[in-house]
Amino acid sequence: VKFCTDYRFYNIPGTPHNRLQQVAWTDELGCRRYNEDYIVGLGSFYSVDIGDRFEVTLDTGKIITIILGDGKADWDTDENNMFTPCYNYDEEYCANILEFIVDTQVMSKECYRYGSLDYHDELKGNVVQMVYLGRDNGGDWTTYA
């Protein structure tokens, strides 16, 4: 599943999270984007550095790029800090690896009620590969002022 969090939760001035949101844009699905990357939260297994980028391949063959906009708390993830254990709508055990940061005022009510961006065909699918692309150097993603 691909849970989501509203970007307004990242409104603490002076944080890298907030600086990223200040230069981000919202697409037609309600997803927050920086350049063409989807802004997501990830477990610490992958990174704890705002601005790290990854290429994600889904089992549908779809490839997207993401940028780390928030870190998931270790206590919210599995023992390897890779994903949030959860259940899907068929009551099957599954994992939430990518937590998309969205604008809930733009996101469709149907997707919001569904609770996962898997609602949209273009984001449906399981993550089969993540490749680290390096850091984005377009902003100050490390300083807490």
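Refer to the structure above for everything that follows.
Position numbers for residues count from 1 along each chain, tracking the sequence in the order it is written. Per-residue local features of the predicted model are confined to residues with pLDDT of at least 70, and side-chain atom pairs are confined, for both listing and counting, to 80 or more; whole-chain, interface and lining totals are unaffected and use all residues. Only hydrogens and water are set aside; all other atoms, that is, all heavy atoms of the structure, feed into the side-chain values.

S.K.: Break down the pairing of strand β8 (residues 93-96) for me, with residues and values.
M.R.: Each residue is placed in one exposure class: buried if its accessible area under a 1.4 Å probe, protein chains only, is under 20% of its type's maximum, exposed if it is over 50%, and partly exposed if it falls in between. Helix numbers and strand numbers start at the N terminus; a helix is a DSSP run of H or I with at least 4 residues, a strand a run of E with at least 2. Taking every second residue as pointing to the same face, the buried face of β8 carries C94 and N96, while none of Y93 and A95 on the other face is buried. With four bridges connecting them, strand β7 (residues 84-87) and β8 associate as antiparallel partners. Its bridge partner being in β8, Y87 is matched across the sheet by Y93. Taking the residues between adjacent antiparallel strands as the criterion, β7 and β8 are bridged by five residues, where E91 takes a positive phi near 65°. At least two bridges found by DSSP between two strands is the condition for calling them paired.

S.K.: Give me the side chain of S116: which residues, what numbers.
M.R.: Within the secondary structure, S116 is located in the loop between α2 (109-114) and β10 (127-135). The definition of a polar contact used here is a pair of N or O atoms within 3.5 Å, where within protein one atom must be able to donate a hydrogen and the other to accept one, and adjacent residues in sequence count solely through side-chain atom pairs. A polar side-chain atom of S116 sits 2.8 Å from the main-chain amide nitrogen of K2. Once residues lying within four places of it in the same chain are set aside, the contact partners of S116 are V1, K2, Y89 and C111. Contacts between residues were defined by any pair of non-hydrogen atoms, one from each residue, lying within 4.5 Å.

S.K.: Which residues make up the packing of aromatic side chains, and what are the values?
M.R.: Stacked, tilted and edge-to-face are the three classes assigned to paired rings of Phe, Tyr and Trp, where Trp is represented by its six-membered ring and a pair needs centres within 6.5 Å; plane angles under 30 degrees give stacked, over 60 edge-to-face, the rest tilted. Here the structure, examined in full by the defined rule, presents five aromatic pairs. Plain terms: the ring middles of F45 and Y46 are 5.1 Å apart, the flat faces sit at 85° to each other, and that makes the pair edge-to-face. Accessibility expressed as a relative area gives 18% for Y46, which makes it buried. Ring geometry for Y114 versus Y119: centroids 5.7 Å apart, planes at 55°, classification tilted. Charge-over-ring placement is defined geometrically: NZ (Lys) or CZ (Arg) within 6 Å of the ring centre, and within 35 degrees of the ring normal. One cation-aromatic arrangement involves R32 over Y7; the distance from NZ or CZ to the ring centre is 4.0 Å. The ring of Y38 carries the charged tip of R33 above its face, separated from the ring centre by 3.9 Å.

S.K.: Quick one: what's the story with the nonpolar core, residue by residue and with numbers?
M.R.: Y38, L42, I66, F100, L117 and L123 are the most contacted members of the largest nonpolar core, which totals 30 residues. When residues of this core are traced back to their parent elements, those giving at least two are β4 (37-42), β5 (52-58), β6 (63-71) and β9 (99-102). Once you skip the residues sitting within four places of it in the chain, F100 turns out to touch K2, F3, C4, T5, C31, Y38, I39, V40, I64, L117 and L123. Residues belong to a common nonpolar core when they are buried Ala, Val, Leu, Ile, Met, Phe, Trp, Tyr or Cys residues joined through side-chain atoms within 4.5 Å.

S.K.: Any chance you could break down the side chain of T5 for me, citing the residues and the numbers?
M.R.: Here T5 shows up in strand β1 (residues 4-6). Excluding anything up to four places from it in sequence, T5 contacts Y10, E99, F100, I101 and V102.

S.K.: Describe in detail a nonpolar patch on the surface, supporting the description with residues and values.
M.R.: The residues that make up patches have over 30% relative accessible area and no salt bridge, and they are joined within 9 Å when like-charged or within 5 Å when they are Val, Leu, Ile, Met, Phe, Trp or Tyr. Per-residue accessibility takes into account occlusion by the displayed protein chains alone, with areas from the Shrake-Rupley method and a 1.4 Å probe. Any Lys or Arg side-chain nitrogen found within 4 Å of a carboxyl oxygen on Asp or Glu counts as a salt bridge. Together, Y89, Y114 and Y119 make up a nonpolar patch on the protein surface, roughly 310 Å² of accessible area in all. Within the fold, Y89 resides in the loop between β7 and β8.

S.K.: So what about the environment of L68? Which residues, and what values?
M.R.: Tracing the chain through its elements places L68 in strand β6. Using a relative accessible area of 0% as the deciding quantity, one classes L68 as buried. The sequence separation of L68 and L133 amounts to 65 residues, and the corresponding C-alpha distance is 11 Å. Excluding residues within four positions of it along the chain, L68 makes contact with L20, V40, G41, L42, S47, V48, D49, I50, G51 and D52.

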